[in-house]
Amino acid sequence: MSPRLCAETNTRLPVYFDGELDALAAAELEQHLAGCAECRAGLEELRDLRAALRRELKFRPTPPELKTRISAALDRESADAYRADAYGADAPGPRARAARPFWAGAFAGVAAAALAASLALFFIVPAGVDPLLDDLVNAHVRSLMPAHLIDVESTDRHTVKPWFAGHVDVSPVVADFADQGYKLIGGRADYFAHQRAAAVIYRHGAHIINVFSWSQEGKRLPSDTTRNGYHLAFWRSGNLDYCAVSDTGWDELLALEKLLKTE
């Protein structure tokens, strides 16, 4: 991208293009884009570059051996996180550490690898894929980084639900299904589909499930699918669209979808 005068072009614009800005910063930048032709041109250059790379780079499926190694590494990290969460500073094994919120410890070790994988796949996924899938997977991966998972931390639906008012553009279903194995742990504002979307976060065993909700009336929802090792389950309720994203099994993810549909 050629040098430009507007500071946003070389600071927040590339971060926005990668989907790494938080919801409020992204909304601010979109307002700036409306009045800055220079930044709009810079954003178009980035889109052209991505399109060119996707045309020129040949897509290669992930080798089975690599998937096996990554799954084994994630399993080890999950086991370490469980021990730290259960035993605190006395957790057995070389990775034992002082007690802290489980979602910080559980993903500190794998966040960098997950983010690197997401960025590597960003340019080489097959063309023609619904960009909403990219937005949802990237939002889920970002949430696994330390301090990115939760804006309001609570297991009380009456604390999480009111928090969304004023922070996001929708009013999502919020419920706790701890008795069924899906523990509500909080909520977060995210940004995609040109709006402040909601994310309600659940813990299921060693897995984190982000349940995103947004409004896009009149648009067809994608079918349930798997991207980059994450399952995405879609449904619509009223005027809101929902997607549950996690690396947990399909049966577990669809069971949570069924529970949420009853609320």
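My aim in this report is to walk through the structure given alongside it, one point at a time. (Residues numbered from 1 in each chain as written. Predicted model: local features only at pLDDT ≥ 70, side-chain atom pairs only at ≥ 80, totals over all residues. Heavy atoms only, no water.)

**Digging into the pattern of salt bridges**
So, step 1. Under the defined criterion, the tally for this structure stands at nine salt bridges.
So, step 2. Within this structure, Arg142, Arg188 and Asp190 form a network of salt bridges that share partners. (Salt bridge = Lys/Arg side-chain N within 4 Å of Asp/Glu carboxyl O.)

**Focus: the nonpolar core**
So, step 1. Phe164, Phe177, Tyr202, Ile209, Val211 and Leu256 are the most contacted members of the largest nonpolar core, which has 26 residues in total.
So, step 2. Breaking this core down by element, the ones donating at least two residues are helix H8 (157–163), strand E2 (183–192), strand E3 (195–204), strand E4 (207–214), strand E6 (230–237), strand E7 (240–246) and helix H9 (250–261).
So, step 3. For this core, the element with the highest residue contribution is H9, accounting for four residues.
So, step 4. Each residue touching Leu256, except ones within four places of it in the same chain, is listed here: Phe177, Tyr182, Tyr202, Ile209 and Val211. (Core = buried A, V, L, I, M, F, W, Y, C linked by side-chain atoms within 4.5 Å. Buried < 20%, exposed > 50% of the residue type's maximum accessible area, 1.4 Å probe, protein only. Helix = DSSP H or I, 4+ residues; strand = E, 2+ residues; numbered from the N terminus. Contact = heavy atoms within 4.5 Å.)

**Focus: the environment of Glu252**
So, step 1. Assignment of secondary structure puts Glu252 in helix H9.
So, step 2. Overall, Glu252 belongs to the partly exposed group, its relative accessible area being 31%.
So, step 3. Residues Glu252 and Tyr182, spaced 70 residues apart in sequence, show a C-alpha to C-alpha distance of 9.3 Å.
So, step 4. Apart from the residues within four sequence positions on either side, Glu252 is in contact with Tyr182 and His204.

**Some thoughts on unusual backbone geometry**
So, step 1. Of note in the backbone geometry, Asn228 takes a positive phi value of approximately 55 degrees without being a glycine.
So, step 2. Looking at where Asn228 falls in the secondary structure, it is placed in the loop between strand E5 (225–227) and E6.

**Structural notes on the state of the cysteines**
So, step 1. Scanning all chains against the criterion turns up zero disulfides.
So, step 2. In this model Cys36 remains outside any disulfide bridge; the closest cysteine sulfur is found in Cys39, 3.6 Å from its own.
So, step 3. Residue classification places Cys36 among the buried residues on the basis of a relative accessible area of 11%. (Disulfide = S-S within 2.5 Å.)

**A few points about helix H4 (residues 37–56)**
So, step 1. Under the 1.5 Å per step criterion, the end-to-end length of H4 is 29 Å for 20 residues, consistent within 8% with the ideal 28 Å.
So, step 2. Within H4, burial applies to Cys39, Gly42, Leu43 and Leu46. For H4, the angular spread of buried residues about the axis comes to 100 degrees, placing them on one side. Away from the buried face of H4 by more than 90 degrees, exposed residues Arg55 and Glu56 are located. (Expected span 1.5 Å × (residues − 1). Arc of directions from axis to C-beta.)

**Here's the deal with the sheet that holds E5**
Across a sheet, paired strands are connected by hydrogen bonds in the backbone, their directions being either parallel or antiparallel.
So, step 1. Taken in spatial order, the seven strands line up as E1-E2-E3-E4-E7-E6-E5 in an open sheet, and their pairing is antiparallel. Both edges of this open sheet fall to strand E1 (152–153) and E5, since each of them pairs with a single strand only.
So, step 2. The pairing of E1 with E2 spans two bridges and is antiparallel. Directly across from Glu153, in E2, lies its bridge partner Gly186.
So, step 3. Each of E3, E4, E5, E6 and E7 is contacted by H9, which is oriented at about 20 degrees to E6, the strand it contacts most. (Pairing = 2+ DSSP bridges. Axes fitted to C-alpha atoms, helices over the stretch in contact; angles between N-to-C directions.)

**Quick look at the packing of aromatic side chains**
So, step 1. For the structure on display, the rule yields five aromatic pairs.
So, step 2. When the centroid spacing of 6.3 Å and the interplanar angle of 25 degrees are considered together, the rings of Phe177 and Tyr202 count as stacked. Residue Phe177 is located in the loop between H8 and E2, and its partner Tyr202 is located in strand E3; the two are separated by 25 residues in the primary sequence. Residue Phe177 shares its accessibility class with Tyr202, and that shared class is buried.
So, step 3. Between Trp235 and Tyr242, the aromatic rings sit 5.4 Å apart at their centres with planes inclined by 5 degrees, giving stacked as the arrangement. In this pair, the class of Trp235 matches that of Tyr242, namely buried.
So, step 4. By the ring-pair criterion, three or more aromatic residues cluster together here, those being Phe192, Phe212 and Trp214. (Phe/Tyr/Trp six-rings, centres within 6.5 Å; stacked < 30°, edge-to-face > 60°.)

**Comments concerning the pairing of E3**
So, step 1. In terms of residue burial, E3 counts as a mostly covered element, since ten of its ten residues are buried.
So, step 2. By the bridge criterion, nine bridges tie E2 to E3 in an arrangement that is antiparallel. In the sheet register, Asp190 faces E3, and the bridge partner there is Ala197.
So, step 3. Connecting E2 to the next strand, E3, in antiparallel fashion are two residues, including Ala193 with a positive phi near 55 degrees.
So, step 4. Count of turn residues in the E3/E4 antiparallel hairpin: two residues, of which Gly205 carries a positive phi of about 60 degrees.

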